[in-house]
Amino acid sequence: MTITPVNLSSSVADDEPPVSLWRDAWHRLVRNKLAVAGLAVVVLLAFVAVFGPWLTPYDFLTQDLNARNQAPSLAHLFGTDDLGRDVFSRVVYGTRTAFVVAIVVTTIAVAIGVTLGAMAGFFGGLFDRTVMWFTDMTMSVPNLLLVVVINASLKTPITAWMEARYQATLNPFYRETIWVDFLLVFGSMALISWPPYARLVRAQVLSIRGRPYVTAARALGLTNRLILMRYIVPNAIGPLIVSVSAGLGTAMVLESAFSFLGVGVNPPTPSWGNMISDGLRVWQHYPHLLAAPAAVLGLATVAFSFLGDGLNDALNPRGSK
Amino acid sequence: MAAEPLIKVENLVKHFVVRLGAFGERGATVYAVDDVNFDIFAGETLSLVGESGCGKSTTGFTLLNLQKATSGKVIFQGENIVSLDEKRMRPYRRELQIVFQDPYSTLNPRMTIGEVVGEPILFHKLATKAELPERVSRLLGDVGLPARFAQRYPHELSGGQRQRVAIARALACQPKFIVCDEAISALDVSVQAQIINLLLDLQEKYGLTYLFIAHDLAVVRHISDRVGVMYLGRLAELATREQLFSNPLHPYTKALLSAVPEADPELEKTRQRQILVGDVPSPLSPPAGCRFHTRCPIAMDKCRAVVPEWREVVTGHHVACHAVDMGTAG
Amino acid sequence: MTAPEIQKPLLDVRGLTIEIETRRGPAVIVDGINLTVGKGETVGVVGESGCGKSLTMLSLVRLLPNKIKVKGGTAEFAGRDLLRMSKSELRQVRGGKIGFVFQDPMTSLNPVMRIGDQLCEPLIYHRSMNKAEARTRAIELLRLVGIPGPEQRITAYPHELSGGMRQRVMIAMGLACDPELLIADEPTTALDVTIQAQIVDLVKDLRKKLNMSVVWITHDLALIAGLVDRVAVLYAGTVVEDAPVGELFARPTHPYTRGLLASIPKLSDERASRLSSIGGTPPEPGRRPKGCPFAPRCALAEAVCHERVPALEPVVGSNGHRVACFVAQRQMMEAA
Ligand SMILES: Nc1ncnc2c1ncn2[C@@H]1O[C@H](COP(=O)(O)OP(=O)(O)OP(=O)(O)O)[C@@H](O)[C@H]1O
Ligand SMILES: Nc1ncnc2c1ncn2[C@@H]1O[C@H](COP(=O)(O)OP(=O)(O)O)[C@@H](O)[C@H]1O
Ligand code: SF4
Ligand code: SF4
Ligand SMILES: [Mg+2]
Ligand SMILES: [Mg+2]
């Protein structure tokens, strides 16, 4: 019995190396100038966030009352604020705050969203309906309201508990109010950020679950775990990457917005948001106090949005024109 | 055909409960497969034909226990496999395989061809990791693809090549039985013939049994030993290839055969066509009695009330029609 | 020979070339197609998926998608070049003199509009009818295409109709303004054989009644055998053979046409005999071979086939049979 081999003349050329979809997407991404610019800025900001303390000439808390409200100069690139603190150092530290918040919040939100969404999509039934009901409920509450309520109701008891611990142990850690801020910001932002991930992943899983290759895997007798890990998750992850990139940007904006409104990271810990808030009060006299953090925030937002668009075009080439 | 069948399908039923209305407030039942009986013999090609939505794929899926049967039995190696849970089903999975229609979604786009074909071999421990590359290239050779394709990804292949990979994946666990669900329908005419030949070659080489689901009657006539005609969830007629194509008994089979165009202008000029009026009724509310009565040119009062019995009129020729019972058809 | 009007075809496409923008630069997808449709004639355009059937037809009414452009050629319709006429003139042609029926009736009908309104729109626009006249005509059209109870059906939405019914509505829309030419792009591919038979029957009946020309695009050779007067076989964006239907099936000349016909299972075949098949697959747009587009898959290919593109030329001693193949032309010459 001979089986006629396929005549390959007009399909894959022998000289071309195999290209996985991931590599294909990467090629598409690096051809997109805006996306590359966005990626470069994001990498730069991430670098600043990690190595910030070693890059700045001053400590962000050091006050120099002789050099208050100075305009930008060589000594102080972005000038100084009303307490004589170096604005450049504070912006750099603010980058750190923004990245820490964005990464922690997005990680928590993605972990919750992906787990719930994937399970809801894969198992369906009552579990699915419960999760989706819960998701819709969470999404229907206005973000800001939720955060304000959480802050108002939890801040006092937590602060009181920390103070009590301090009295009992005299451990200075419990005097650091920054942890309370972070805890509340992480918690409340994660709470409002996971539902879109859950919805996205559920929709992905639902559509992938019915594809012939998944049915073929079931017909081969593969286990549910193997099917989820090798067939469903890798195919659901593209849109998730796009959404995470956009989500990181959104989280930074949210953190700034909350800090601006006084329900996020509070002074003296620098955040772009509370710096903008401070700068806004005196912007007519000292515009640099507003301009520096606002410009960096704007830059970060634009960078993440370009990167997100680029990833979307690269990972879902047919979805875009 | 006196031999014991490889697979025995007895009173197989599959209903889907769907939600209708804007808020899914109304439940309704889709009678996708209703009381279907047939045997599949080792080494044969049994085809299922019928219009879209008549339940061919659902029969294939429930038969493989990929969808839970509502009731009925599928006996394979003495076991009613549709009653088994996934774990107890696993040993049988290896022997019962499926190939799908759409070459573009049949392969996991994130896996190389080598991984696609190798996975079932490793999972069912049919070879060691060291033997794997050799096994994979032999399988690819079996379906007419060069071994170097193992490094390729599905999106780098043409539709026909992907369909070959899907066949290689099904062959990988050395099955006895393969459901081909419209496996050639999405392919170009010139490539279809390649895949049909391949399926025939493999059947001869490995003694495979096929359940061949298709709507192209010319192809079905070419490759089948026996053919079953489905209408709205029920089998209307089941017979050998010769019986069915030269002496169709059921009015629906007759209409179906007469609707198939032949690639011959002279013949087409003189041919008398019997064109059915109307559409297939909705499987949500199939007609009572004989489900074909709304379109049947010879429907009688009895047809509207009584479900015709599924019986063997001549050895190997099954049909469900009152007119045939009374000798008024044909 | 004396009356040029009678001779002149209704549609005369010459050297139509269409290109697409790709990552690797422009790629030719339709390469110099020649196609004529006479008055009252039904022409079948046959070819495998991706060979450029739909794009050719869309280019005639200048509805090509973004990034796809006509690069050359002419398409005369009733003496006017469709590819160069003004926008306003073109609007009169679209849905007026040329009617279209597409493959997928679900995506070609507007899902949020009642079918009656969709039918009335071109009538009001092209025929300047008022609402009441358009409604009467719409009902008439639905009756013409065999939809029972058209007075009630006119208020239905597309999703309330079956696939076959929707395709009938699409045909009614194509016919709305009494077109001189109806272009049907795989109108039955998404339908079942019994419904396909209904639609084929309907179109056969209508073209006689309305005396129109029809272009029927399909990949199914068997389907057109009993339906058309003439067949143009497309391969990779070129017409490789063009002949009266009886002639094409009796004496297929191009190696590709022969291969296609041979790969269809026939009544007389023994069970499970191997079909003759064409090896390989059609070339992708960016990877067209330099010479004859069929050369990489052709068993008869000679050196010249890889170098030069054969032109579509009349077969010696035949009536209206043209083929684009060096070897076939030579063989016919030797036989004559
Ligand atoms: N998961 C499902 N839920 C509800 N109804 C279903 C489901 N799967 C199939 N059906 C219905 O069951 C009937 C039979 O479907 P099936 O897919 O077996 O048809 P088929 O003959 O294979 O048609 P086709 O040629 O279109 O594939 C159809 O009416 C279909 O709509
Ligand atoms: N919107 C589009 N974008 C990119 N390529 C297209 C598009 N439409 C068609 N093509 C390509 O053009 C070629 C011809 O397409 P088409 O005319 O639709 O083929 P057919 O109708 O014969 O199946 C194919 O290679 C197809 O992939
Ligand atoms: S049982 Fe009656 S309605 Fe059904 S196919 Fe036979 S004659 Fe027709
Ligand atoms: S020109 Fe040459 S390659 Fe092309 S079809 Fe004819 S013989 Fe084959
Ligand atoms: Mg099906
Ligand atoms: Mg098309």
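Remember, predicted model here, so these are calculated numbers, not experimental data.

1. Considerations on the UniProt feature "transmembrane region" (unreviewed entry) in chain A
Residues and elements named next belong to chain A.
Then, number 1: In this structure's numbering, the residues bearing the UniProt feature "transmembrane region" (unreviewed entry) are residues 34-55, 98-123, 144-162, 182-201, 239-265 and 286-307.
Then, number 2: Within residues 34-55, the helical portion is 100% and the strand portion 0%, while the C-alpha atoms at the span's ends are 27 Å from each other.
Then, number 3: Regarding residues 239-265, the helix share stands at 81% and the strand share at 0%, and the terminal C-alpha atoms are separated by 31 Å.

2. Focus: the interface of chain B and chain A
Often the size quoted for an interface is simply the accessible area lost on bringing the parts together.
Then, number 1: Opposite the 44 residues of chain B that make contact, chain A presents 34 residues.
Then, number 2: Carbon and sulfur atoms supply 60% of the area that chain B and chain A bury against each other, a total of about 3,400 Å² over both sides.
Then, number 3: The largest contributions to the chain B side of the interface with chain A come from Arg110, Glu119 and Arg152 of chain B, which together make up 19% of the buried area.
Then, number 4: Counting across the interface, chain B meets chain A through one salt bridge.
Then, number 5: Across the pair Glu119 of chain B and Arg230 of chain A runs a salt bridge whose closest N-O atoms are separated by 2.9 Å.
Then, number 6: At the junction of chain B with chain A, the criterion picks out eleven residue pairs in polar contact (both at pLDDT 80 or more).
Then, number 7: Secondary structure elements with two or more residues in the side of chain B that touches chain A: helix 2 (86-93), strand 6 (96-99), helix 3 (113-123), helix 4 (132-142), helix 5 (159-172) and helix 6 (189-206) of chain B.
Then, number 8: The leading source of residues in the side of chain B that touches chain A is helix 6 of chain B, at five residues.
Then, number 9: Its residues assigned to classes, the side of chain B that touches chain A comprises 19 nonpolar, ten polar and 15 charged.

3. Quick look at the site of ligand 1
Residue and element names in this part refer to chain B.
Then, number 1: Close to ligand 1 lie 14 residues; Ser52, Gly53, Lys56, Ser57 and Thr58 are nearest.
Then, number 2: Gly55 has a polar backbone atom sitting 3.2 Å from an oxygen atom of ligand 1.
Then, number 3: Between ligand 1 and Lys56 there is a distance of 2.8 Å, counted from an oxygen atom to a side-chain nitrogen or oxygen.
Then, number 4: Protein contacts shield 65% of the accessible area of ligand 1, which totals 630 Å² for the unbound molecule.
Then, number 5: Among the secondary structure elements, those contributing two or more residues to the shell around ligand 1 are strand 1 (7-20), strand 2 (26-40) and helix 1 (56-63).
Then, number 6: The biggest single contributor to the shell around ligand 1 is helix 1, with three residues.
Then, number 7: Of the residues contributing to the shell around ligand 1, the split by class is six nonpolar, five polar and three charged.

4. Describing the environment of Leu141 of chain C
All names here are of chain C.
Then, number 1: One can find Leu141 in helix 6 (residues 131-144).
Then, number 2: A residue is classified by how much of its surface remains accessible, and Leu141, at 0% relative accessible area, is buried.
Then, number 3: Discounting chain neighbours no more than four positions away, the residues touching Leu141 are Leu119, Ala172, Leu175 and Ala176.

5. Notes on the sheet that holds strand 5 (residues 80-81) of chain C
All names here are of chain C.
Then, number 1: Spatially, 2-1-4-5 is the arrangement adopted by the four strands of the open sheet, whose pairing is antiparallel. Each having just a single partner strand, strand 2 (25-37) and strand 5 make up the two edges of the open sheet.
Then, number 2: Across the sheet, helix 2 (residues 53-60) lies against strand 1 (11-22), strand 2 and strand 4 (68-77), angled at about 110° from strand 1, the strand it touches most.

6. Things to note about the confidence of the model for chain C
Residue and element names in this part refer to chain C.
Then, number 1: In this model, chain C carries a mean pLDDT of 87, and residues with pLDDT of at least 70 account for 97%.
Then, number 2: Counting contacts from residues 1-5, a segment whose pLDDT is below 50, to residues more than four positions away or on other chains yields one contact.
Then, number 3: Scored as a whole, the predicted complex attains pTM 0.80, and scored at its interfaces, ipTM 0.83.

Reading the values: the criteria
- Residues numbered from 1 in each chain as written.
- Chains lettered and ligands numbered in written order.
- Predicted model: local features only at pLDDT ≥ 70, side-chain atom pairs only at ≥ 80, totals over all residues.
- Heavy atoms only, no water.
- UniProt positions renumbered as here; feature names shortened; annotations may be inferred.
- Helix = DSSP H or I, 4+ residues; strand = E, 2+ residues; numbered from the N terminus.
- Contact = heavy atoms within 4.5 Å.
- Buried area = accessible area lost by both parts, 1.4 Å probe.
- Salt bridge = Lys/Arg side-chain N within 4 Å of Asp/Glu carboxyl O.
- Polar contact = N/O pair within 3.5 Å; in protein donor to acceptor, adjacent residues only side chain to side chain.
- Nonpolar A, V, L, I, M, F, W, Y, C, P; charged D, E, K, R; others polar.
- Near = heavy atom within 4 Å.
- Areas by Shrake-Rupley, 256 points an atom, 1.4 Å probe, with all protein chains shown as cover.
- Buried < 20%, exposed > 50% of the residue type's maximum accessible area, 1.4 Å probe, protein only.
- Pairing = 2+ DSSP bridges.
- Axes fitted to C-alpha atoms, helices over the stretch in contact; angles between N-to-C directions.
- pLDDT = per-residue confidence, 0-100.

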